[in-house]
Structure formats: structure tokens, C-alpha cells
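The residues making up each chain are set out below.
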There are 10 protein chains.
Amino acid sequence: MLFAVRMDVDLPRDLAPAEREDLVARERAYSQELQRGGEWAHIWRIVGLYSNISIFDVDSNARLHEILSGLPLFPFLRIEVTPLTAHPSAIR
Amino acid sequence: MLFAVRMDVDLPRDLAPAEREDLVARERAYSQELQRGGEWAHIWRIVGLYSNISIFDVDSNARLHEILSGLPLFPFLRIEVTPLTAHPSAIR
Amino acid sequence: MLFAVRMDVDLPRDLAPAEREDLVARERAYSQELQRGGEWAHIWRIVGLYSNISIFDVDSNARLHEILSGLPLFPFLRIEVTPLTAHPSAIR
Amino acid sequence: MLFAVRMDVDLPRDLAPAEREDLVARERAYSQELQRGGEWAHIWRIVGLYSNISIFDVDSNARLHEILSGLPLFPFLRIEVTPLTAHPSAIR
Amino acid sequence: MLFAVRMDVDLPRDLAPAEREDLVARERAYSQELQRGGEWAHIWRIVGLYSNISIFDVDSNARLHEILSGLPLFPFLRIEVTPLTAHPSAIR
Amino acid sequence: MLFAVRMDVDLPRDLAPAEREDLVARERAYSQELQRGGEWAHIWRIVGLYSNISIFDVDSNARLHEILSGLPLFPFLRIEVTPLTAHPSAIR
Amino acid sequence: MLFAVRMDVDLPRDLAPAEREDLVARERAYSQELQRGGEWAHIWRIVGLYSNISIFDVDSNARLHEILSGLPLFPFLRIEVTPLTAHPSAIR
Amino acid sequence: MLFAVRMDVDLPRDLAPAEREDLVARERAYSQELQRGGEWAHIWRIVGLYSNISIFDVDSNARLHEILSGLPLFPFLRIEVTPLTAHPSAIR
Amino acid sequence: MLFAVRMDVDLPRDLAPAEREDLVARERAYSQELQRGGEWAHIWRIVGLYSNISIFDVDSNARLHEILSGLPLFPFLRIEVTPLTAHPSAIR
Amino acid sequence: MLFAVRMDVDLPRDLAPAEREDLVARERAYSQELQRGGEWAHIWRIVGLYSNISIFDVDSNARLHEILSGLPLFPFLRIEVTPLTAHPSAIR
């Protein structure tokens, strides 16, 4: 089941540099593990912003919430979730 | 070069059924040809709406405009274009 | 899988009364069949508006889209879909 | 009398962890007591957000305000209240 | 139980003058009967607009919906409902 | 001359409790004096919010500004002012 | 008593040219009479729009509503009213 | 050349009282000098807000920017600029 | 004096094809004459929309209004005007 | 390939003056180097705001993101990107 998710990151300015690096590194590892597992199907950077548009392919709403609320950057994200389904004109 | 494009369709109620069918059929053919050519990389239906989220992979802004303004449904679409680029955490 | 769906109805003024009655009657029958089947779990009227807030319990995004796009009033609805999941404080 | 209530939680980053845990625990207890009493009829988590959609069944506006303004997390909530009534198509 | 209700009127330009006069006359009679009965506690015109702000004092959400959806102008109104309760600083 | 005024209170979290109590007490006294004088004709709490809707009956715009800008909570309020006049359907 | 009023004109495309000319001529005469009387203190065109920003100097809210609702173009205007008062830094 | 400018002031709560007084005094002197010179043609307070609507009469966009960006309160202002021109119905 | 102007075109569907072609042809001629004269300094199409972003270089607000309100497509445009001035970092 | 980019600067009040000067100086140098290289084709100040509208001429979305995310002021900017293409009426 597919969902489009937009994430806008807003890291507080007073985050200690080490904490910031750690957060970003953990976010990357977390994302890449889910990409390898197939649930985080796509991730793209939005040009000019500290934001991404992602496609998730999960079994349920509950699983999507588990993934998103577990993001290391979750407290610093504005998240929009759009449920998707197959388009009748899609060839794949 | 990647772009996320959201299209919301608003067909006028007084469109003759034959014209409507023709428009939708031509839209589908147009989309599928571009999907086969690789420029229309993804198309998904948004659940509950007559709308789609698509990913285009084109050589230039000019080409994207040529594709979008050539859509048979173009006069009936609200379109939002978001330029994308590779995300540093993407594994592909 | 649960979804909150808000529907705002905007029937055109020039709809023939018979067509209008027919639409509303078919909408009701359609809704009640899905309520009896358990997929349309709740429907409430919003006070002062020709709108409802509903809860759907379906197996997939695809099924929710099938239900919503099949509504007899679909061409006259503004629809917002919000994916839900269990709340950790819920006792049921 | 039914009301839909959406609550978006925004806990300040500098809340002491113990205070935070205490607040969340008290919020849960408070909610569950009202759920058991039947006034807090439903609570669902919104996927991807620190937010809920709830249905309250109370005797009056005054009682709803008493409940909401008494929430331990009240100072950290954005709240939207939508009055509901029975829908003519509802089968229950 | 008190509610603030804002109504913005948008009468279609092609309404026949007789139908328009009839609608407005029936709206006035309807409003005045509810004012005399005490349920429509206040009604004020917003300066410069074809709009009003009203206060209703009713027994339930259901009754408020019955009143509002029964307004002769209902199909031509944009309505916003805000539930109210006693303010702790009020002297009356 | 009548005005509808909505006030949304946003007290900063780090306000000292004593200062907060003092502010709220002074706000109440200020409001009640104006209520007794007749200029602050109505005040209602909005359900679920730290907000009120009030009706002021004053001689001039200047007097209304004097009243509002003199509120002890003024620095912490978001205020919206809507000028009102008699409604032709009002019976009082 | 001063008010800033913004008016955005939206004349329907199918207005007969003679009716349109008549409306605009009557609007101008109406405005100029109020300008000469001093109640319509200023009127400026907004660059690039069929809109104006005006300053009214009237005795009451009721009088301002009488003026605005009497505008020949009233059915075709979007109007925003902002109550003003003397600024402490003004030298006049 | 005329411009309508709206300024909303948002002074930070932790501004030292002396600094605040000094800022406001300098703002007033700055404004009054430009009023005497004729470039700041009008300034009105918006009722209930720490905001003003002003009319500037300057030779160029560059001069208007010089004036606005030189305001002592500039870092604490939200500013909206609307270019104006003569209205065909104006009698002056 | 520079202004950024965004124009969104919304041609009514029932415009006769000949009238539409005539309008668009006159719009082009009008624009190109002003481009040759230097007042319409730039015009770009927004990708995916029937919209443009333009830069005008004119002597006054009055002249800009004369140009914009004289556009053959003016009745079908939504226009936003943003006054510009030299940027201190510009090298030209 | 052209893009319109709007940047709104919001420097935190507690930035040390030296750090602020350094940031602004580096921003200017960064911008001017890209202007000389031709990729930052235009930059204009928006009148009354700490904002600019710029035109970029770059080879790809990726290059635009590299430029924008490398801005010394990037953490303090709100950025909007609008892809552009040649307008059919442009004479250049």
C-alpha cells in the first residue's frame, strides 16, 4: 500500500553540533535500512529546501505510523501523508 | 531531471459525454506513451480524489512545460510543479 | 485499517429535482449497504453544513478509493482523507 | 451530544524528561477515565503526526470545555472542535 | 447552550426578483419567530457585507442543525458554527 | 456602536506563576468594570480554546482601541475586530 | 470616525454593455457625491487590479454600512472593512 | 507616487524597557520628520492592534525602500506594500 | 523603476475560438511592443501553468497601471504586483 | 534553464553582530561570484522587506539545489522555487 509523504526539517539553531550530526547520521541509517527492506520505496530532495518527498510501500496505516514516528528527526519534522493507489493509466 | 507534479482534475459538468470519454481516452494514451518513453516515470491516484501525483524525468524545464501544456485535459487541470533532486540518503 | 473522511456536498442549483432526489436516494442506499457490511463504520452530520465526517474501516487504500469514487454524489463532493491508526491511550 | 475534536500536540523541546513523562502519563489516565465513563467515545492517532481525532459524547458545551481545558496537555495543544449530529443515512 | 454562527449570503445573480423577495421575506419571518421563541438570541449585520453574526441558545446540537438547515436561504449560505460556554469573567 | 471582538490568549510558558495570576486577575477586574459600565456587552468562552468572543458597545473607534489596548493581557492576545450594525430582521 | 475599506470589483462577463456602463456611471456619481460631502475621504486605485483602497470618515458603523450596501456595484464587490483611529505619532 | 503600507509591530517580550522606549521614541521622531517632509502622507492606527496603515508619497520604489528599511522598528515589523495610483472617480 | 508582476490567465471555456485567437494575438502584439520599448523588460512562462512572471521597468505606478489595465487579456487575469529596487549585492 | 527564486531572510535577534556581519559579507561574496559566472542572472530587493527575487540560469535541478543549499544564509531563509521556461511572446 502506497503513501506519499512530505517531510520538512526544522532543526533548532541551538542544537549542539555533535547531537545534530548524530541525529542526521541515525536518520540516514534508519532511512537506508527501510529502503533496503523495500518499505521506503523512494526519497527525493526538494530543490532549495531542507525537505523531501518520499514514497512508502507498507502493509498498513499502523506500520506507516510506526516508521514515521520512529524517525530520529521526528520531533523536528512537519509531515504530510497522502494515501495513494494505482492509477488506471499507469502501465506498470 | 526529476519533478513531482500534482494534477487535480475538474471536468465541467456540462461536458458532452462523448467529448468527455474522448478527452479521457486521449489523456490516457498521451500519458502511456510518455510512460513508455520513460519521461513520465510514475503516476499514482490520490485516494478519494480525481487527482494524481506523478514523477517526471525530463531533460529540461522547457520539455516539462511542453508535456504538461500538451495534456488533453490541460484546460481542466490545477497543476503544481515541485523540482526534485537526488536525496543524500537515497540508496539508489 | 481506519480512515477519517470529511465530505462537503455542493449540489448544483440547476440539478433537476428528480435527478437530485434520485442521487440522494442512491447515495443513502450505497452508504447504508457499506455501513451494514462494516466498512463505513461511522457517519455524522456536521452541524450547520451539508457535510459529514465518516470513519471507514477497509482492507486497503485501493478499497477506500473504490468506495469513495463510487459514491453517487462523488462529482459533487469535496473530500479530505486522513489515515488513522490505534491511539496508545485508547482502551478499546 | 457529539463533537469531533482534533488535537495537535506540540511539546516544547526543553521540557524536562521527567515532567514530560509525568504529563503524558497523566494525560493517558485522564483520557482513559473519560473513555471508561463514555464521554470520550473514540480516540484515534493520525498517521505520521503527534495528533489525534476524538469523538466526545457529552451533555453540554460547558461539559466539553471542562473536559478539554482540564487536559494535562492543554497548554501544549492546538484544538479544533466540530459539533456533530445524527446523519440521516446512519443505520445506527 | 450557546453557539456563535456566522452566515455569509451569496444569492445567485439570476434568481428571479420575485423568488428573491419571497426567499428574503421567508428568511425574515423564520428568524423572527425563532427570536421571539428565544432560540435565536442575537443577530447583527456585519458592516459592509451581506453577512450576519448570530448567537443561538438551543438545547442540543441536533436542534441547532434543524434550525440552520431549515433556513430558507440555507442553499445560499456559507455557515461557520462556534460552540460557546460561559466565560469565567462574565458578570451575568 | 457595536463590535464583535475575538481574543485568543497565548501566555508564554515562562511567565512566573505570580505574574500570571496577577495578570489574569487584573484582566478579570478590567473586564468586569467595563461590563458593569455597559461597554463590554457580552463575553463568551470558545469551547476548547483559551479564547473569547465579545461584543462591545462603544461611542467610537477611538474608545474601542483605548479599551482593547489597555487590556492587561494585550501583549499576549491575538485580536480580530468586526464592526457590526443593526440587522434588519432583528426584533430588538 | 475613520475606516479603511478595500473593494475588489468582479463584474460578470455577461453583463450587457449598457448595463455595465450605467452601473459604473452611477457608482462614480455616488462616490463623488460622498467625496464632496466629506464622508468618502480618499479613494485610490490599486495598481494592476480592478480594486480600490478608500478611507471613510463617518459618524457610525450604521452610516458606513448604509453607504457601502448602497453602492451601485455592491453585488459585485468583495469588501474588507478595517476600523481606524488616530495614531499617536501622527502630526495632523 | 503613492503606496499603501501596513505595518504590524511585534516587539520581543525580553526587550529591555529602556531599549524599548528608546526604539519607540526614535520611531516616532523618524515618522514625524517624514510626515513634515510630506513623504509619509498619512498614518492611522488599526483598532485593537499594534499596527498601522500608512500612505507614502515618494519619488521612487528605491526611496520607499530606503524609508521603510530605515525604520528604527524595522527588525520587528511585518510590512505589506501596495502600490497605488489615482482613481478615476476621485474628485481631488 | 522595477516591478515583478505575476499573471495567471483563466480564459472562459465558452469563449468563441475566433475571439480567443484574436485576444491572444492582440495580447502578444501589445506585449511585444512594450518589450521593444523597454518597459516590459522580461517575460517568462511558469512551467506547467498558463501563467507568466514579468519584470516591468516604468516611470511611475500610474504608467504600470495604464499598461496592465490595458492588456487585452486583463479581464481574464489574476495579477500580483511586487515593487522592486536595486539589491545591494547586485553587480549590475 | 531558468528558475525564479524568492528568498525571505529572518536573522535571529540574538546573532552576535560580528557573526551577522560575517554571514552577510559571505552571502554577498557568494552571490557576486555566481552573478559573475552567469548562473545568478538577476537579483532584486523587494521594497519594504528583507527579501529578494532572483533569477537563476543553471544546467540542472541538482546544480540549483547545490547553489541554494550552499548559501551562507541558508539556515535563515524561507525559499520558494518556481521553474520557468521561454514565453512564446518574448522577443528575446
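Quick caveat: nothing in here was measured; it's all calculated off a predicted structure.

Turning to the interface of chain F and chain G, a few remarks are in order. On the side of chain G, 12 residues touch chain F, which itself brings 12 residues to the contact. Counting the surface chain F buries against chain G, the share from its top three residues, Met 1, Asn 61 and Thr 85 of chain F, is 58%. On inspection of chain F and its partner chain G, the count reaches 0 salt bridges. Scanning the region where chain F abuts chain G turns up 4 residue pairs in polar contact (both at pLDDT 80 or more). Mapped onto the side of chain F that touches chain G, the elements with two or more residues apiece are β1 (2-9), α2 (61-69) and β4 (77-86) of chain F. For the side of chain F that touches chain G, the leading source of residues is β4 of chain F, giving 4 residues.

Each copy superposes on the other: chain F lies on chain G with an RMSD of 0.0 Å after a rotation of 180 degrees and an axial shift of 0.0 Å. Here the symmetry operator amounts to a two-fold rotation axis. Counting the interface residues of chain F, we find that 100% of their copies in chain G are interface residues as well, pointing to one common contact surface.

Taken together, the 29 residues of chain A in the interface contact 29 residues of chain B. Looking at the side of chain A facing chain B, the largest losses of area belong to Trp 44, Arg 45 and His 87 of chain A, adding up to 23% of the total buried there. Where chain A touches chain B, the interface holds 0 salt bridges. Where chain A packs against chain B, one counts 12 residue pairs in polar contact (both at pLDDT 80 or more).

Before going further, it helps to examine the layout of surface pockets. Computed from the structure, the second largest pocket encloses a volume of approximately 920 Å³. Breaking the lining of the second largest pocket down by element, the ones donating at least two residues are β1 (2-9) of chain C together with α2 (61-69) and β4 (77-86) of chain E. With 4 residues, β4 of chain E is the largest single contributor of residues to the lining of the second largest pocket. For the lining of the second largest pocket, a count of residues per class yields 11 nonpolar, 4 polar and 8 charged.

In terms of burial, strand β2 (residues 40-46) of chain G is largely enclosed, as 6 of its 7 residues are buried. In this structure, β2 of chain G lies alongside strand β3 (residues 51-57) of chain G, joined through 5 bridges in antiparallel fashion. Bridge pairing links Arg 45 of chain G to Asn 52 of chain G in β3 of chain G. The antiparallel pairing of β2 of chain G with β3 of chain G creates a hairpin that spans 4 residues between the two strands, and Gly 48 of chain G there sits at a positive phi of about 90 degrees. Inspection of the sheet shows β2 of chain G paired to strand β4 (residues 77-86) of chain H by 3 bridges, in the antiparallel sense. Across the sheet, Arg 45 of chain G pairs through a bridge with Thr 85 of chain H, a residue of β4 of chain H.

Next up on the list: the sheet that holds strand β4 (residues 77-86) of chain I. Reading around the barrel, the 8 strands line up as β1(I)-β3(I)-β2(I)-β4(J)-β1(J)-β3(J)-β2(J)-β4(I) and close back on themselves, with antiparallel pairing between neighbours. Pairs of neighbouring strands in the sheet enclose a mean axial angle of 35 degrees, with direction left out of account. On top of the sheet, helix α2 (residues 61-69) of chain B reaches β2 (40-46) of chain I together with β1 (2-9) and β4 (77-86) of chain J; it is set at about 70 degrees to β4 of chain J, its chief contact. Relative to the sheet, helix α2 (residues 61-69) of chain I contacts β1 (2-9), β3 (51-57) and β4 of chain I, its axis offset from that of β1 of chain I by approximately 20 degrees.

Moving on, we come to the pairing of strand β1 (residues 2-9) of chain G. Consecutive side chains of a regular strand alternate in pointing toward one face of the sheet and then the other. All names here are of chain G. Counting buried positions over the 8 residues of β1 gives 6, a clear majority of the element. Note that β1 and β3 share 7 bridges and pair antiparallel. Looking at β3, one finds that Met 7 is bridged to Asn 52. For β1 and strand β4 (residues 77-86), the ladder comprises 7 bridges, and the chain directions are antiparallel. By the bridge assignment, Val 5 is partnered in β4 with Val 81.

Our next topic: the packing of aromatic side chains. Residue and element names in this part refer to chain I. For the structure on display, the rule yields 10 aromatic pairs over all chains. Relative to Phe 56, the ring of Trp 40 has its centre 4.6 Å away and its plane inclined at 45 degrees; by these criteria the two rings are tilted. In this pair, Trp 40 sits in strand β2 while Phe 56 sits in strand β3, placing the two residues 16 residues apart along the sequence. An identical accessibility class is assigned to Trp 40 and Phe 56; each is buried.

Counting 24 residues, the largest nonpolar core has Val 5, Met 7, Phe 56, Leu 64, Leu 68, Leu 71 and Ile 79 of chain G as its most contacted members. Elements supplying a minimum of two residues to this core: β1, α1 (17-37), β2, α2 (61-69) and β4 of chain G. When neighbours within four sequence positions are excluded, Leu 64 of chain G is seen to be in contact with Val 47 of chain E together with Phe 3, Phe 56, Val 58 and Val 81 of chain G.

So, how was this worked out
- Residues numbered from 1 in each chain as written.
- Chains lettered and ligands numbered in written order.
- Predicted model: local features only at pLDDT ≥ 70, side-chain atom pairs only at ≥ 80, totals over all residues.
- Heavy atoms only, no water.
- Contact = heavy atoms within 4.5 Å.
- Buried area = accessible area lost by both parts, 1.4 Å probe.
- Salt bridge = Lys/Arg side-chain N within 4 Å of Asp/Glu carboxyl O.
- Polar contact = N/O pair within 3.5 Å; in protein donor to acceptor, adjacent residues only side chain to side chain.
- Helix = DSSP H or I, 4+ residues; strand = E, 2+ residues; numbered from the N terminus.
- Least-squares fit on C-alpha atoms with pLDDT ≥ 70 in both.
- 1 Å grid on protein atoms, 1.4 Å probe; cavity = no way out; pocket = protein on both sides within 12 Å on 5 of 7 lines; lining within 4 Å.
- Points joined across faces, edges and corners; volume = space filled by probe spheres on them.
- Nonpolar A, V, L, I, M, F, W, Y, C, P; charged D, E, K, R; others polar.
- Buried < 20%, exposed > 50% of the residue type's maximum accessible area, 1.4 Å probe, protein only.
- Pairing = 2+ DSSP bridges.
- Axes fitted to C-alpha atoms, helices over the stretch in contact; angles between N-to-C directions.
- Phe/Tyr/Trp six-rings, centres within 6.5 Å; stacked < 30°, edge-to-face > 60°.
- Core = buried A, V, L, I, M, F, W, Y, C linked by side-chain atoms within 4.5 Å.

Take it as geometry only, folks, not as evidence of what the structure does.
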